[in-house]
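Residue-level listing of the chains:
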Amino acid sequence: MLFVASLPGYDQVLMEDTRKNRMIESIELFAEIANNEIFKVRYLIVLYIWYKSTYPTPQETPIFLFLNKKDLFESMLRVRGLETTFPDYKGHLHIPNLGYLTLYFYSILFLGDNSYMESLQYLIKRFEAVSKNPAKPVEVYDISTRVRKDVKDAWEKVKKHLVESNKKIIADAEREKRKRARRLAKEAKKNSSASLPITNDVEAG
């Protein structure tokens, strides 16, 4: 299951409901989807030409969380910290009543990247906290979709994770595919051999 949330949403509201914060709505929606019964048992369906097989496995569906627009998120933090939406957050030092440029340079000199990482880790924990299966960790990637490398690297990690966690299923499917191919080849050869005498009799007549 792949869920995408916008990091700048911590300081934005929904268009359809200006009383609702976007980040809070994303966390609530994530909880609703991640804990849905449909993701508690995974059915991997492997499709081939002339072949279809279902492999049920009693494992939890992996959950991938993409936190998007990290570049905009980082710049917004220099003006308004997470505490504007999450009062319990104390990691980012926000100084009120300062002009934008003053606060911008102050944040660069004294906060650096720590404000971004601390804010990001806080949001990750908020998402993880609503998942009711602590034994199944949420795979999190902070990205900017405008940066192709971000998307490519994150997607490669997702694919690697899926391949690693499904090695046995993939191997079983490949074996079944080869067995079916050999069986079809034998049947085709047998049918071809059986039809030869009939063809010869027709030509001789």
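Residues numbered from 1 in each chain as written. Predicted model: local features only at pLDDT ≥ 70, side-chain atom pairs only at ≥ 80, totals over all residues. Heavy atoms only, no water.

### Overview of the overall build of the protein
Each helix and strand counted, the protein has six helices and five strands in total. Starting at the N terminus, the α and β elements of the protein follow one another as β-α-β-β-β-α-α-α-β-α-α. Looking at the protein residue by residue over its 205 residues, the buried ones come to 30%. Surface accessibility of the protein: about 13900 Å² in total, with carbon and sulfur atoms responsible for 58%. (Helix = DSSP H or I, 4+ residues; strand = E, 2+ residues; numbered from the N terminus. Buried < 20%, exposed > 50% of the residue type's maximum accessible area, 1.4 Å probe, protein only. Areas by Shrake-Rupley, 256 points an atom, 1.4 Å probe, with all protein chains shown as cover.)

### A word on the pairing of strand β4 (residues 63–68)
Burial analysis of β4 places six of its six residues in the buried class, the great majority of the element. Burial along β4 is two-sided: Ile-63, Leu-65 and Leu-67 facing one way and Phe-64, Phe-66 and Asn-68 facing the other are all buried. Relative to β4, strand β1 (residues 2–6) is paired through five bridges, and the arrangement is parallel. Within β4, the residue paired with Phe-3 across the bridge is Leu-65. (Pairing = 2+ DSSP bridges.)

### Describing the nonpolar core
The biggest cluster of nonpolar side chains holds 25 residues, and the ones touching the most others in it are Phe-30, Leu-67, Phe-73, Leu-82, Phe-86, Leu-123 and Phe-127. Those elements that provide at least two residues to this core are β1, α1 (22–34), β4, α2 (70–77) and α4 (114–129). Ranked by residues supplied to this core, first place goes to α4 with six residues. Those residues in contact with Leu-67, other than ones at most four positions away along the chain, are Ala-5, Leu-7, Leu-120, Ile-124, Phe-127, Val-140, Tyr-141, Asp-142 and Ile-143. Counting six residues, the second largest nonpolar core, distinct from the first, contains Phe-64, Ile-143, Ala-154 and Val-158. (Core = buried A, V, L, I, M, F, W, Y, C linked by side-chain atoms within 4.5 Å. Contact = heavy atoms within 4.5 Å.)

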